[in-house]
Amino acid sequence: MKKISWEFRIGLVLVLLLLGLCIVSLFYTPYGTNQEVGAKFLPPSGSFLFGTDNLGRDVFSRVMVGSQTVFLVGFVSVAIGLVFGVLLGSIAGFAGKWVDEVIMRLMDAMLSFPGILFALMYVAVFGFGIFNATVALGIMAIPRFARITRSGFIQVKQMPYIDLARSIGVSKVRIMFVHILPNIISPLIVAASMGFATAILAEAGLSYLGLGVQPPDPSWGRMLKDSQNSFLSAPHYALAPGLMITLTVLGFNLLGDGIRDIKEVK
Amino acid sequence: MKKRILVVGLLLAAFLIFGCTPQTPATSKDSLVVAVPQDPDFLDPHKAEAAGTKEIMYNVFEGLLKPSPDGKPVEAIASAYTVSDDGLQYTFTLREGVTFHNGKEVTPEDVIWSYSRIAGAGEDAQESGVMIVAALVGTKMEKVGENQVLFTLSEPKGDFLEAMTSAVLDSSLEEASHNVEPVGTGPYKFVSYNPTQSIKLTRFDEYWNKEKMGKVKDVEFRLFSDNATALSSLLAGEVDLLPRITMDQIDSLPDTFEVFEGPQNMIQILGLNHAFPAFSKQEVREAINYAIDKDALISRVADGKAAKLGSNMSPVMEFWYHDGLDDLYPHNVDKAKELLAAAGESDLSFTISVPSNYEFHVHTAEVLAEQLAKAGITVKIEQVEWGIWLERIYFGEEYEATVISFVGKLDPHPMMQRYMSTYPQNFLNYESPEYDRLMEEGLRATAAADRAVAYKAAQEVIAKDSGVIFLMDPSLMTAHKKNLKGYTLYPIYFQDVSTLYFE
């Protein structure tokens, strides 16, 4: 029996709680997200769990619906990064030689851009909004997955059983994805969990700058921005989205750490 | 031992003196720090266009006339003027003893040179970047007698007197120096400009109007690109005056500060692009007007501190304001739905493009979307950068609807002309021959009362057409230290520091 670390437990609990909140918000929120329900800046209370915002809307409902964006952006951008990253990384790792050089130097070039800068550039060119922001974050995640996949491929392809498979005429594609890929899945899972956290943070940053989710749809990053002017008089409004972002990012990072620990203790 | 104590004591004293002085210039009674949001675009008043520049530099420059707090141009460099009966000839008499900040007396030649410059008389006017003042184009200017200037207009122009508030500059200076070391005749003279840091002015002790001399000696306009930083500097005591504080920030001010509040002659609109098919139908525009609850909007985004508008004129401009238009479309969701159904637009949906740097407009758009949803109208909000707003919406006219506001002017014509079909930047594509005719009438009439009649009628036309959805004139709120007195509010963008004093 493997020892399960406390990081893993806490991370899992946080992520599951959030996922629960997100699923519930699909069917139920205490109030509408874009509707005046009381005076502005009401402090947290029984009827308004996180208080109300600058336009008298329920912050808790908005935080709940905001979590949908978080998961959507996280999943889609990690998926984009994973699919293209694994594809490019496995080609580079398996083919080697000049193919490897070309692909990996391209990845290096992409890594040289700070993620948020690339995302800013992308949405400036293709337009504001959550769709473009997600695609940009996905593209930025590619090199990371490509590197992990490539190094895994280089290690595994020298194993005797790969030579064996080759000698009996198994096709290259089958060797790549059936015989090699499953062996490197665990570092990819760890990277995906961490990538999730990065994407969430970046989305919050973009929405904070007004480039991500467009009002009146709620977004944690935008809520932070809106709360900034009233931080001294109504700190609860800033705390709600701030805490949610912190906990989510923390949750996914701990989960990633936890998975890595489990996989290393063999 | 004693010596050592002395040395330590001196060191401490030195530390206290050197350590503290740079941080606390604001506490002495003879200097004032005002927080402003943006760097001036040009120091040369004939080139500057940004309202943020003018609000500072009106303290330095004067024209033959200058704006007064009630919005009328009053005599400044000119001591008196007469108008001929046909409204074509204006004779200005220069006040005696008005000097520039460099000590040179203002002559009729300076006036003619200055106003010719903004009339586009110089051959290189376009290249030099001078903003041409339309009311002066084609005007003949000549010196009469010793100290008079005669302006002969080609046709009567109602906004001519406002043009006379343009700065008079020293014609003997080199052209380029106006943008480096501006010299004017106002109550304060320019000292230095440190980009992204501050603009410093000091009192001009030879100002012609001894009654209206500046009270505080040194004034610094400190630049804060971020409103939240400006607020914390105010709270820390480094800044004495913070114009345009937001509602949310007021709640965090302690008792040692006061907030001055007043209408600022700003017109906030929901601009509907008439080129968008649905908005060419009057029923649709009326329906939107009925669906919007302006009172609720004002209470939510401005905490009730705004004047409701029904036309393109704020109640502050009493003389020109058409009463009662703000109640033309009382909030009525059912009526809105009926009108939409009648127009065959029951499931109307459109996008409001709003400049993202103006949070106030973004919040307004959010509330509007919520209110319109109740009448079955689907509204999407798209935030755009200010540069893109100008390029795509203002100049490109590629949009469906937008929330924006226009700052006030002294004369109704420059404020209202943007809705004329002949206006070069009629970005709303509103076209009404009746409105155009009345505006033209207002411009050509010479008696102020006749002009008012025409402009009021024009307001009624555009309001009844629902040509534009007029929202509100949000109050200007200025926070200042309690012991700072004498703040004067103008219906234009202007922070008059000459009336301010510490108690």
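Data block above holds the structure.
Please read these numbers as outputs of a predicted model, since none were measured by experiment. As a convention, each chain's residues are numbered from 1 in the sequence order in which they are written. Each chain is given a letter, starting from A, and each ligand a number, starting from 1, according to the order in which they appear as written. Thresholds applied to this predicted model are a pLDDT of at least 70 for local features of residues and 80 or more for the giving and counting of side-chain atom pairs; totals over whole chains, interfaces and linings are not thresholded and use all residues. Neither water nor hydrogens contribute to the side-chain values; these are computed over all heavy atoms in the structure.

Q: Tell me about the overall build of chain A, and name the residues and values.
A: Within chain A, the regular secondary structure consists of 10 helices and zero strands. Strands are runs of DSSP state E lasting at least two residues, helices are runs of H or I lasting at least four, and both sets are numbered from the N terminus onward. Sequence-ordered secondary structure for chain A, helices as α and strands as β, is α-α-α-α-α-α-α-α-α-α. Taken over the C-alpha atoms alone, chain A extends approximately 75 × 50 × 30 Å along its principal axes. Residue burial is assigned from relative accessible area. The probe radius is 1.4 Å, only protein chains are included, and a residue is buried under 20% of its type maximum, exposed over 50%, and partly exposed in between. Here chain A holds 266 residues, and 50% of them are scored as buried. Within chain A, contacts between residues separated by at least 24 positions form 70% of all contacts whose residues are at least 6 apart in sequence. All accessible-area figures derive from a Shrake-Rupley calculation using a 1.4 Å probe, and residue coverage is judged against the displayed protein chains alone. Surface accessibility of chain A: about 12,600 Å² in total, with carbon and sulfur atoms responsible for 72%. His residues and chain termini do not enter the charge count, which takes Lys and Arg as positive and Asp and Glu as negative. Every charge is mapped onto a representative atom, which is NZ of Lys, CZ of Arg, CG of Asp or CD of Glu. Measuring between centres, the 20 positive side-chain charges of chain A sit 9 Å from its 14 negative side-chain charges. Any pair of residues with heavy atoms lying within 4.5 Å of one another is described as a contacting pair.

Q: How would you summarise helix H4 (residues 115-126) of chain A if you had to cite specific residues and measurements?
A: All names here are of chain A. Helix span, expected: 1.5 Å multiplied by one less than the number of residues in the helix. Here H4 is 12 residues long and its end C-alpha atoms lie 16 Å apart, about the 16 Å a rise of 1.5 Å per residue gives. Residues of H4 that are buried: Phe118, Ala119, Tyr122 and Val123. The arc enclosing the buried residues of H4, seen along the axis, measures out at 125°, which places them on a common side. The elements touched by buried residues of H4 are helix H5 (130-156) and helix H8 (185-208). By arc we mean the arc of the directions from the helix axis to the C-beta atoms, nothing more.

Q: Hey, could you go over the pattern of salt bridges for me, with residue numbers and the actual values?
A: Side chains that carry opposite charge are capable of pairing whenever their charged atoms lie near each other. Residue and element names in this part refer to chain B. What makes a salt bridge here is a side-chain nitrogen of Lys or Arg within 4 Å of a carboxyl oxygen of Asp or Glu, nothing more. One pass over the structure, following the stated rule, counts 33 salt bridges over all chains. We note a salt bridge from Glu109 to Lys143, for which the minimum N-O separation is 3.0 Å. One end of the pair, Glu109, is in helix H3 (residues 108-118); the other, Lys143, is in strand E6 (residues 140-144), and 34 residues separate them in sequence.

Q: A description of the sheet that holds strand E4 (residues 78-83) of chain B should follow, citing residues and the corresponding values.
A: All names here are of chain B. Following DSSP output, two strands are said to pair if at least two bridges run between them. With antiparallel pairing, the four strands of this open sheet are ordered in space as E4-E5-E7-E6. Of all the strands in the sheet, the pair left with one neighbour each is E4 and E6. Ignoring which end each strand starts from, the neighbouring axes of this sheet average 20° apart. Two elements, E4 and strand E5 (residues 89-94), share five bridges in a ladder whose sense is antiparallel. Among the inter-strand pairings, Ala80 is bridged to a residue of E5, identified as Thr93. Taken strand by strand, H3 contacts E5, E6 and strand E7 (148-152), and its axis lies near 175° from that of E6. Throughout, an axis means a line fitted to C-alpha atoms (over the contacting stretch in the case of helices), and angles, computed between N-to-C directions, take values from 0 to 180 degrees.

Q: Explain the interface of chain A and chain B to me, using residue names and the numbers behind them.
A: Of the residues lining the interface, 23 residues belong to chain A; the matching set on chain B comes to 24 residues. Once two parts are put together, the accessible area they lose, assessed with a 1.4 Å probe and summed over both, is termed the buried area. Taken over both partners, the interface formed by chain A and chain B buries close to 2,100 Å², and the fraction arising from carbon and sulfur atoms is 46%. At the junction of chain A and chain B, the tally comes to three salt bridges. Linking Glu359 of chain B and Lys225 of chain A is a salt bridge whose minimum nitrogen-to-oxygen distance equals 3.9 Å. Per element, the largest residue contribution to the side of chain A that touches chain B is four residues, and it comes from helix H9 (residues 220-228) of chain A. Under the convention adopted here, Pro, Cys and the residues Ala, Val, Leu, Ile, Met, Phe, Trp and Tyr are nonpolar, Asp, Glu, Lys and Arg are charged, and Gly plus all remaining residues are polar. Within the side of chain A that touches chain B, the residues separate by chemical class into seven nonpolar, nine polar and seven charged.

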